[in-house]
Amino acid sequence: GFAAAALDIGVLEEGIRHAEMGELAEAVKIFQGAAAAAEENSKIKAAGIAKAYWNLGLTYEYSDRYDEAVAALKKAYLIGGDKACVSEQEAVSRRQAEQMELKRQLGAK
């Protein structure tokens, strides 16, 4: 699931609330801003920046924006090194392939 970090728990919690309510576009905006701000702040530890990208990646995934999800999860992994990011990238790729197959099958009818 989503994760809050020391960078600005209030901001991440706000993004998480929006995501949980299905307001994914708003959650994406919040997580994009949090990730960018965290990267520019030398006081934020790598784990905090990675959590912002993790949340962004999950939100992209739930928005069916798979390529962006993989990119955000890769960035989270490169910054934080959490192997869960690799597993989630694989899950995103599977979900994308399943959705493409479903569309192909529905288009064939």
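Residues numbered from 1 in each chain as written. Predicted model: local features only at pLDDT ≥ 70, side-chain atom pairs only at ≥ 80, totals over all residues. Heavy atoms only, no water.

Note that Glu88 resides in helix H5 (residues 84–108). No salt bridge is formed by the buried Glu88. Its closest oppositely charged neighbour is Arg95, at 6.6 Å. With near-sequence residues (within four places) excluded, Glu88 lies in contact with Trp54, Leu58, Glu61 and Leu73. (Helix = DSSP H or I, 4+ residues; strand = E, 2+ residues; numbered from the N terminus. Buried < 20%, exposed > 50% of the residue type's maximum accessible area, 1.4 Å probe, protein only. Lys, Arg positive; Asp, Glu negative; His and termini not counted. Salt bridge = Lys/Arg side-chain N within 4 Å of Asp/Glu carboxyl O. Contact = heavy atoms within 4.5 Å.)

The next point concerns unusual backbone geometry. Within the chain, Asp64 stands out as a residue other than glycine whose phi angle is a positive 60°. Structurally, the position occupied by Asp64 is in the loop between helix H3 (46–62) and helix H4 (66–80).

On to the nonpolar core. Generally speaking, a soluble globular protein has its nonpolar side chains buried in company with each other. Counting 26 residues, the largest nonpolar core has Phe31, Tyr53, Trp54, Leu56, Tyr60 and Val92 as its most contacted members. Looking at this core, the elements that each hand over two or more residues are helix H1 (9–20), helix H2 (24–40), H3, H4 and H5. (Core = buried A, V, L, I, M, F, W, Y, C linked by side-chain atoms within 4.5 Å.)

With that out of the way, let us pick up the confidence of the model for the protein. Averaged over every residue, the pLDDT of the protein is 90; the share at 70 or more is 90%. Across the protein, H4 holds the top mean pLDDT of 97, while H1 sits lowest at 88. (pLDDT = per-residue confidence, 0-100.)

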